[in-house]
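# Structural characterization, general
Given next are the chains, with one letter for each unit.
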Amino acid sequence: MTVQQSDLKLDGNAIGGLLREIFAMEMTTAVGTCASCGAVRMVGEVVVYLNAPGAVVRCPSCDAVLMRIVHGRGKYWLDLTGVRCLEFSA
Amino acid sequence: MSSRGPRLLEWQLGTVAELVQETPRVASLVLDVPDWQGHLAGQHVDVRLTADDGYQAQRSYSIASAPEDPRLAITVERLDDGEVSPYLVGEVRKGDKVELRGPIGGYFVWRATDDRPLLLVAGGSGIVPLMAMLRHRAAAHSATPTRLLYSSRSLDDVIYRAELERLGSAGDGLAVSHTLTRNQPPGWTGYARRIDRAMLAEVTWPKEQMPITYICGPTPMVEGAASLLVDMAYYPATIKTERFGATGG
């Protein structure tokens, strides 16, 4: 089977469960602002790659990395450098 | 149900109450899940398998049943090199327990109270969350004008074929169009090519009616259909997408 890069490209829906573990909230409807280009998108719309060790989340407008999430050995590593603001309902 | 507010996502055990072979590669698992909190059409569950040596593999599967259905159904496509789907399609038996958690997702959901004209675009097993929406629509007696465009390789690959035919002929405002991209049976009158601009222009609702569109399927198909609709000047915020990569299994 030929695996194309596009085959590995998913969206924010694919990390709904992972984000629920971390935030204890439904996060696919949260709204994030890209620190690189300022695009404002729902988490369900962002680009997600799960083929890296962990999840790499990219901006659908400029392709900059928004988040990196790694889970293992009983810990989470959450890099949110690329997200200027993450807004979600209390 | 409320999808808001802090609440831990716990793993639960569901019991396989029924198995439905939908196509040669696709099966539905109908599950009894005690204390299931309910779901919205379009949400998914995570399913986890644990091997005897403790190794765990986890995948997400869209919920196929309507919120109104008494049991929770998921529909799974068998990927031969997958870790989870070959067990769920082929090995699992009635009465077996399956570990799952959910419902998950709030972006790709549709509620029958939404009366905007609805366009659903599915590729392959991307039909599953859209089927939950159609089942919800029927159970809620919604007459929301709805069109489904469903792309499959061949007629044998069409999931929920009989049910879609029944729903589409109920006279309640649902029209179902199929496109078969690889093989068409003799006398086929539906589309026979990949989804393109001309096809979308034929099935979609006029912009003035402010439709809402849900697209689910393999990533290239989803992105292709969504960009075509944006090119046709449909408002991006009314086009919701969910990509099924080939990572699954």
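Attention in this report is confined to the structure presented alongside it. (Residues numbered from 1 in each chain as written. Chains lettered and ligands numbered in written order. Predicted model: local features only at pLDDT ≥ 70, side-chain atom pairs only at ≥ 80, totals over all residues.)

## Brief notes about the overall build of chain A
We count it as follows: In this description a helix means any DSSP run of H or I spanning at least four residues, a strand means any run of E spanning at least two, and both kinds are numbered starting from the N terminus. Here the globule rule reads 2.2 Å times residues to the power 0.38, and the radius of gyration is calculated from C-alpha atoms. Here the C-beta atoms are placed from the backbone, and a residue counts as buried if at least 20 other C-beta atoms lie within 10 Å of its own, exposed if 12 or fewer do, and partly exposed otherwise. The contact rule is simple: place each C-beta atom from the backbone, and if two of them lie within 7 Å, those residues are in contact.
When helices and strands are tallied, chain A shows 1 helix and 8 strands. Expected size for 90 residues packed as a compact globule is a radius of gyration near 12 Å; at 13 Å, chain A falls within 12% of this value. By principal-axis analysis of the C-alpha atoms, chain A measures approximately 45 × 35 × 20 Å. Split into buried and exposed, the 90 residues of chain A put 36% on the buried side. If you take every contact in chain A between residues at least 6 apart in sequence, the share linking residues at least 24 apart comes to 47%.

## Quick word on the environment of H178 of chain B
Residue and element names in this part refer to chain B. Topologically, H178 is positioned in strand 9 (residues 174–180). Each C-alpha atom, one on H178 and one on A122, is 9.5 Å from the other, the two residues being 56 residues apart in sequence. Other than its neighbours up to four places away in sequence, H178 contacts Y150, S152, V158, G190 and Y191.

## Concerning the nonpolar core
The nonpolar side chains of a soluble globular protein tend to be buried with one another. Residues and elements named next belong to chain B. Formally: For our purposes the nonpolar core covers buried Ala, Val, Leu, Ile, Met, Phe, Trp, Tyr and Cys residues that link as a set through C-beta atoms within 7 Å.
If you look at the biggest cluster of nonpolar residues, it comprises 78 residues, and the most contacted ones within it are L29, L120 and L130. For this core, the element with the most residues is helix 2 (residues 127–139), which contributes 7 residues. Residues in contact with L130, not counting those within four places in the same chain, are L120, A122, L148, Y214 and C216.

## Overview of unusual backbone geometry
All names here are of chain B. Here G102 and P103 are connected by a cis peptide whose omega angle stands at 5°. Along the polypeptide, P103 turns up in strand 6 (residues 97–104). One non-glycine residue, D35, lies in the positive phi region at around 65°. Residue placement: D35 occurs in the loop between strand 2 (26–32) and strand 3 (44–50).

## Some words on the environment of V222 of chain B
All names here are of chain B. Tracing the backbone through its elements, the reader meets V222 in helix 5 (residues 219–231). For V222, a count of 23 C-beta atoms within 10 Å gives the class buried. Considered as a pair, V222 and Q37 are 185 residues apart in the sequence and their alpha carbons are 30 Å apart. Beyond its immediate sequence surroundings of up to four residues, V222 is in contact with I215, C216, G217, T241 and R243.

## Concerning helix 1 (residues 16–23) of chain A
Every buried residue belonging to helix 1 of chain A is among G16, G17, L18, L19 and R20 of chain A, and all of these are buried. Contacts made by the buried residues of helix 1 of chain A are with strand 5 (55–58) and strand 6 (65–72) of chain A together with strand 3, strand 4 (56–62) and strand 6 of chain B. Phi turns positive, to about 55°, at A24 of chain A, one or two residues after helix 1 of chain A.

## Considering helix 2 of chain B
Residue and element names in this part refer to chain B. Heads up, the rule is: Each helix should span, by expectation, one fewer than its residue count multiplied by 1.5 Å.
Its 13 residues place the ends of helix 2 18 Å apart at the C-alpha level, agreeing with the 18 Å of an ideal helix rising 1.5 Å per residue. Most of helix 2 sits out of view: 11 of its 13 residues are buried. Taken together, the buried positions of helix 2 are occupied by I127, V128, P129, L130, M131, A132, M133, L134, R135, H136 and R137. Where helix 2 terminates, the next one or two residues include H141, which has phi positive at roughly 50°.

## Observations regarding the pairing of strand 7 (residues 75–79) of chain A
Residues and elements named next belong to chain A. Stated formally: At least two DSSP bridges between two strands are required for those strands to pair.
Within strand 7, only 0 of the 5 residues are buried, leaving the element largely exposed. Sheet analysis places strand 6 next to strand 7, joined by 5 bridges and oriented antiparallel. If you follow I69 over to strand 7, its bridge partner there is L78. In textbook terms, the turn of a hairpin is the stretch between consecutive antiparallel strands, and for strand 6 and strand 7 this stretch comprises 2 residues, one of which, R73, has a positive phi near 50°.

## Regarding the sheet that holds strand 8 (residues 83–87) of chain A
Residue and element names in this part refer to chain A. This is how the line gets drawn: Axis angles are defined between N-to-C directions and span 0 to 180 degrees, where every axis is a line fitted to C-alpha atoms and, for a helix, only to the segment in contact.
In space, the 3 strands of this open sheet follow the order 3-2-8, with antiparallel pairing throughout. Each having just a single partner strand, strand 3 (40–42) and strand 8 make up the two edges of the open sheet. Strand-to-strand twist of the sheet, defined as the mean angle between neighbouring strand axes without regard to direction, takes the value 25°. Relative to strand 8, strand 2 (residues 31–34) runs antiparallel, the two sharing 4 bridges. When the sheet's bridge partners are listed, C34 is paired in strand 8 with V83.

## Describing the sheet that holds strand 8 (residues 146–152) of chain B
Residue and element names in this part refer to chain B. Taking strand neighbours across the sheet as the criterion, the 5 strands line up as 9-8-7-10-11 in an open arrangement whose pairing is parallel. Whereas interior strands pair on both sides, the edge strands pair on one side only; in this sheet they are strand 9 and strand 11 (239–244). The average undirected angle you get between the axes of adjacent strands in this sheet is 10°. In this sheet, strand 10 (residues 212–218) lies alongside strand 7 (residues 118–123) in parallel orientation, the contact comprising 5 bridges. Each residue of the ladder has a partner; that of L120, found in strand 10, is Y214.

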